[in-house]
Amino acid sequence: MNHSASIQDIAKAVRSGAVKSLDLTIATLDDIAKRNGETNSFTRVLNESAIASAHEVDRKVAKGIDPGPLAGVPFGAKDLYDIAGLPTTAGAKMRIGAAPAERDAVVVARLKAAGAVLVGTLNMDEYAYGFATVNAHFGTTRNPHDLNRLAGGSSGGSAAAVAARLVPLSLGSDTNGSIRVPAALCGIWGIRPADGAISVKGTFPFVEMLDTVGPFVRSAAELELVYELLSGAELGDSKTTPRIARLDGWYARNGSPEVLDALDMLMAHLGVDDVAEMPEAETARSASYLITAAQGGALHLDTMRSRAMEYDPAVRDRLLAGAMLPTALYLRAMEFRNFFRKRVKLLFERYDILIAPTTPVVAPRIDQATMIVDGQPAPARANLGLYTQPLSLAGIPVASAPFRVSSGMPIGLQFATAPGREAMLFKLLRELESDGILRTTETNK
Amino acid sequence: MRTPTPEDSDPTPLYRLDMSTLLGLVVPPECVPGIEASAELLRRHARNVEAYVYSTNADEDGEPES
């Protein structure tokens, strides 16, 4: 069993007894020890508990008890998930000494109950406030496709670990794009679920109104399997032919030629020329930005009164500015949010799946300060969420899938649907992967 | 009316209501430029939201909720 195996193949081999979970776990831990330094994906490696979990899986197999559909599958969790016995750092140095969590976060517990083996925690932007995974305390996570480039964030460690084949599965969180952006920049698959579809219980909050959690994997079938396990939904096979359109306007502005070409090729492959307008997208992004700053600032207000200088400076500045945002502006953004969600609902009366780029550009270099937005230089890291933030405000399920790339850096595309139509979404992703138009971007190693 | 500044010898009541003071937030002066830069981004997004004109004929729910 090597690191190329799918989640399904790993579980099948472990369930049948052909492969020992312990052997697989030890090999994974050894590999992380050897290669994690390249990307700085893992912040803590849980050798002892991982080996204990692997023993338990093997014990069940030996006794004829099914360990579950993820038997022996090694996985990592972003540093904001509660793990019993460990402090939940949320990427913050000031939380290294926090009281240990009493129990696992709900989704960590669900993966363990399905037989998966937790091997470590993964790097992130401090308190999930960023699109870069440039962390003043825990370091920068590097993109496995080019170590001089960003992995994206805030779940950058989760994405880089899967893209680098350190683990086949990881957990991240997505408030404004923190699963979709790193999935796109690292050439793998991730999904932001609909609001409330997957429990966030036991995760460190950022913006409770927008926070979601979800997985990173290397194929469409794996994404569907893990989504079903995390959400508890039984999706079945959709019999409906989806009505598909490409998002235009805001989603055609500021995209680099290579990203827009990829979308053109995908739409040509689908034989779809429908274009859906979302004229409110730019305002939706702004509303999301304001709500994030205000709620994030309010959440951290008490801590910032006494420990402001212990924050990552970039995060501190955003949180302080957010804490001082006038209430009238916050309420105006909230008012727009209600309006926007109704407008998006109307859009899904005409269409089932809307497609757009995930990021306007491929992964920027780590030292790249700016990118061009509407003809002007603008901060590169903040604008990686240009296309993900409006869809976060809508509260709908959105997957980021890798477009086939034969050379160069990965390109991700967003596939958005209405809550309740996830089966249709996963079926389309599986078909496009089978056609070869969507495909995990392989690293050169 | 010009905006009062901390250098004013007779601060107006508006200046006394400075939000950072009200919230009990104190940071060294060297942090101010970074906070100002973040605040400027917030101002730009606030202008976008403030400027949005809600459609009244797109659908029966075209008005924002109260």
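This text follows the structure it describes.
Residues numbered from 1 in each chain as written. Chains lettered and ligands numbered in written order. Predicted model: local features only at pLDDT ≥ 70, side-chain atom pairs only at ≥ 80, totals over all residues.

Caption draft 1: Representation of the overall build of chain B within the structure. Within chain B, the regular secondary structure consists of 3 helices and 0 strands. In chain B, which comprises 66 residues, the proportion classed as buried is 12%. (Helix = DSSP H or I, 4+ residues; strand = E, 2+ residues; numbered from the N terminus. Buried ≥ 20, exposed ≤ 12 C-beta atoms within 10 Å, placed from the backbone.)

Caption draft 2: Geometry of the interface of chain B and chain A. Taken together, the contact between chain B and chain A spans 24 residues of the former and 28 residues of the latter. Examining the composition of the side of chain B that touches chain A, we find that 11 residues originate from one element, helix 3 (residues 32–51) of chain B, more than from any other. Among the residues forming the side of chain B that touches chain A, the class breakdown is 14 nonpolar, 6 polar and 4 charged. (Contact = placed C-beta atoms within 7 Å. Nonpolar A, V, L, I, M, F, W, Y, C, P; charged D, E, K, R; others polar.)

Caption draft 3: Layout of the sheet that holds strand 13 (residues 353–357) of chain A. Residues and elements named next belong to chain A. Spatially, 11 strands are ordered 1-3-2-8-10-9-16-17-13-11-12 in an open sheet, and the strand pairing comes out mixed. Among the strands making up the open sheet, the edge pair consists of strand 1 (42–45) and strand 12 (275–276). Examined bridge by bridge, strand 2 (residues 74–78) and strand 8 (residues 169–174) share 3 bridges and lie parallel to one another. Within strand 8, the position partnered with Phe-75 by the bridge is Leu-169. Each of strand 1, strand 2 and strand 3 (117–122) touches helix 2 (residues 21–39); the most contacted strand, strand 3, lies at about 15° to it. (Pairing = 2+ DSSP bridges. Axes fitted to C-alpha atoms, helices over the stretch in contact; angles between N-to-C directions.)

Caption draft 4: Highlighting the pairing of strand 9 (residues 189–192) of chain A. Residues and elements named next belong to chain A. The two faces of strand 9 match: Trp-189 and Ile-191 on one face and Gly-190 and Arg-192 on the other face are all buried. Where strand 9 meets strand 10 (residues 212–217), 2 bridges bridge the pair, whose relative direction is antiparallel. Its bridge partner lying in strand 10, Trp-189 is registered against Val-217. Pairing of strand 9 with strand 16 (residues 398–402), which is carried by 3 bridges, proceeds in the antiparallel orientation. Bridge pairing links Ile-191 to Ala-399 in strand 16.

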